[in-house]
Structures are given as structure tokens and as C-alpha cells.
Amino acid sequence: MPVHLTAPDATTLKPVAGITLGYAKAHIRKPDRKDVLVMQLSPGTRVAGVFTQNRFCAAPVTLCREHLAGENEIRALVVNTGNANAGTGEPGMRHARETCDALAKLLGCQAEQILPFSTGVILEPLPIDRLIAGLPAAVADQRADGWLDAAEAIMTTDIVAKGASRQVTLGGKLVTVTGIAKGSGMIHPNMATMLGYVATDAAVSRSALQAIIDHAVNHSFNCITVDGDTSTNDSLILMATGQAGNAEISESSSEFEALRAVMTEVAVELAQAIVRDGEGATKFMTIHVEAGKDREECRKVAYAIAHSPLIKTAFFASDPNLGRILAAIGYAGIADLDVNAMQLYLGDVLVAEYGGRAASYEEAQGAAVMKEAEITVRVVLNRGNAKATVWTCDFSYDYVKINADYRS
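First, a word on what this report is: a plain description of the structure on this page. Just so it is clear, the model here is predicted, and its values are computed rather than measured.

What follows concerns the side chain of S205. Topologically, S205 is positioned in the loop between strand 8 (195-200) and helix 5 (206-218). Overall, S205 belongs to the buried group, its relative accessible area being 9%. What S205 contacts, discounting residues up to four positions off in sequence, is R46, E248, I249 and S250.

On to the pattern of salt bridges, then. According to the stated counting rule, one finds 20 salt bridges in the structure shown. Here E124 ties to R29 by a salt bridge, and the two come within 3.1 Å at their closest N and O atoms. One end of the pair, E124, is in the loop between strand 5 (114-121) and helix 3 (128-140); the other, R29, is in the loop between strand 1 (19-24) and strand 2 (36-41), and 95 residues separate them in sequence. Given the relative accessible area of 32%, R29 is considered partly exposed. Notably, a salt bridge pairs D149 with K34, separated by 2.7 Å at the nearest N-O pair.

What the five strands build is an open sheet, ordered 3-9-8-7-6; its pairing is mixed. The open sheet is flanked by strand 3 (46-51) and strand 6 (162-170), the only strands paired with a single partner. Neighbour-to-neighbour, the strand axes of the sheet open up by a mean angle of 10°, direction not taken into account. Here strand 6 pairs with strand 7 (residues 173-182) via nine bridges, running antiparallel. Bridge pairing links V168 to V175 in strand 7. Along the sheet, helix 1 (residues 59-69) makes contact with strand 3 and strand 9 (235-240), crossing strand 3 at roughly 140°.

Conventions adopted
- Residues numbered from 1 in each chain as written.
- Predicted model: local features only at pLDDT ≥ 70, side-chain atom pairs only at ≥ 80, totals over all residues.
- Heavy atoms only, no water.
- Helix = DSSP H or I, 4+ residues; strand = E, 2+ residues; numbered from the N terminus.
- Buried < 20%, exposed > 50% of the residue type's maximum accessible area, 1.4 Å probe, protein only.
- Contact = heavy atoms within 4.5 Å.
- Salt bridge = Lys/Arg side-chain N within 4 Å of Asp/Glu carboxyl O.
- Pairing = 2+ DSSP bridges.
- Axes fitted to C-alpha atoms, helices over the stretch in contact; angles between N-to-C directions.

Next up, the structure:
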């Protein structure tokens, strides 16, 4: 089961003025499940996006980039689950365009004003007829309070729907931020089968919205990993409808940092929820690396630890075989690392210093920490003032079972 994670209550996901959502059961892959989402945006909504850096990116990712680059006023998003429309060549691009064309006709806008997204199995053709047939029901279902249904409609192997809301007063106006995400396996976003959609009713300039998404993704979705696999379909979209009534926020506005902080907070909660719901996860681990020369080397060390199958399986077994962590630090790629200067902590327990096992460390201490569901690994490099944090989970038997049987 997910680690300390429950689905949000529908009442906790607050509506965002200018956004409506509706779903359909189109039988994309499995019968009787929500698998198509349409999100409509009011005129004037500004949209920013970041996408996977996987060179084998999905057709809808390519089309989303194209539509955003054209500076079209985006009027709707359409998401299907069950099929990633990735590794599908020219027919995949055609199907992505046909999806946009069909929805545009229903909404009375241009196809270039639609952003398409897909998630699910790669290398299989998108069942375009079923998807298009489901669009009218999703349009008819449009509701301002449809965020929880929307979160459920984009799930694949997720056990728990993921959503978060915050409210903050900016310029004397109450501003709402609500977001949903999906992801459980094939998670190592390099934004660079994770999807995230965060909306606000604040008025935000185009450049400020792009600055916010760049900051938010680098402090949230780019700080998680389940299995080290960067999906072909990773996408994060930020939307600002401008209906809160506040003066437009630019990067020089006094409210800019406050809005950036609350949108990043929502993104962090969604990103951590993905790790807590990692396929087969039983442990949630925070890898904190500090006192590095720069953030990049701290991230290298953190990801070396977070990606190691040996470390992840040891955490699953609650086995304090902590030499594996030292080995990962050593191969992280810091050529001039002085291993005699660093310390390793498991929770509050000092495990290693001066290049070896700490004199005060006893294995029973490590075993006690590793039995906990949430664990912090702290590495002190003693090379500078930089730091970085990565969130990950363990590898259990269920991770293998889920991925061995993913297409059934």
C-alpha cells in the first residue's frame, strides 16, 4: 500500500475560477473505468509547460510543444490513460492531431488551442475511435468541482489519486492553487508515465508563469525517482486563468515570490505523493546531501543513492547493509571527493565518518531506523555550502510483479 498517503477528499480540492473538468469512460484499455479527461480553460488563461527530455518522446508531447510554441491561446487539455501513444511513429502523430481536431469541433475553437496528453502502454496504437467517441461525454460532464474525478481519470498503476490545493491572499485577493498528478512507476522525471496539472486563478504574466514552472519543477518533480526510468510522456502544465481579480503578477511584483512558493508547495506535495505511491513501495526515503561545492554535485550523490537497486532492496528488507550507501556515494562521479571528510547519517544516527564506520555506531541502531516507514538519509560532504534533496522509495517484490504483469 502507499506510504502514508490517502486520496484527497473531493471537498479539499478547491475549484479554480476559469477551469472546468469532465471525464468519460471510453474503454481505452480497460472497461468501466475513467480514462478520458477534458479540462476547459476560460479565455485569457495563460499556460506554461515542461516536458520529458526522453528523445523517444510520445506523439502528444511533440504536439503539445508545437501548440505552445505557436503562442496559441490554449482553451482545453485532453488526457487519455491506458495508452501512451509513444513509439507509434507517424500514425501516432496523426492520432494526436485527430484528437485535437475532434475536441476543437466540440468546443468551437481551433485544434491548435488544444493540448493532448496520453499515458499508459508504449508501442501500441492509440484506439483513436474509442477516444474520440468518449469526448462528447467528457465535454458534457464539465464541472468546476471535478478535480477528484479528474485525478482518478488520469491514473494508470497508481493506487491512490493525487491532488492538492492551497489558498493565499495576494494583493488583497484570495488566490487558489489546485493541482493533480499521476505517476507510480517509470518515474525519474527529467523535465526537463508522470503527468501533472496545476492551476491558479491568479493573474500572472507569461514570463512570470514560465519562471514559476521552471522553479517549481526543479524543486519538486525533478527531485523524485522511483526506478530511474525517465518516461516518454512526462509533462507538467501550469495554468493561470487571471480570474482572482488581482493585479497581474510579474517577476518584479512583490507578490511573485509568494505565488511561486505556494505553487511550488503544491508541486512538492504532488511529487512526493508519486513516490509514496511508487509501484510496490513500502518505504518513503528522503535523501538529503549537504555541504557540497554546488547543488549539482549534491544531486549526483543523492541520485546515486536513490537509484541503487541494492540500497532500495536493503531498505525494503530493513537490512542495515549501509556499506551500499558508501559505495553509491563513491561512484556518484565526484572525482576529488575526500571520503575522510564526510559523514553519513541514517535518521539521527551517525553511521560513518573519517572514511569508515563511526565508532559510536551499532547495527541495532541502523536496524531500528530502517524498520520505519519514512526514513531520512543524510550525507554531509563538508566541501561547501550547497545542498539538495531527493525523494525515493524502496523496491519490493510487488514492484517486480506489477511490471511483469503491466499489460494484462
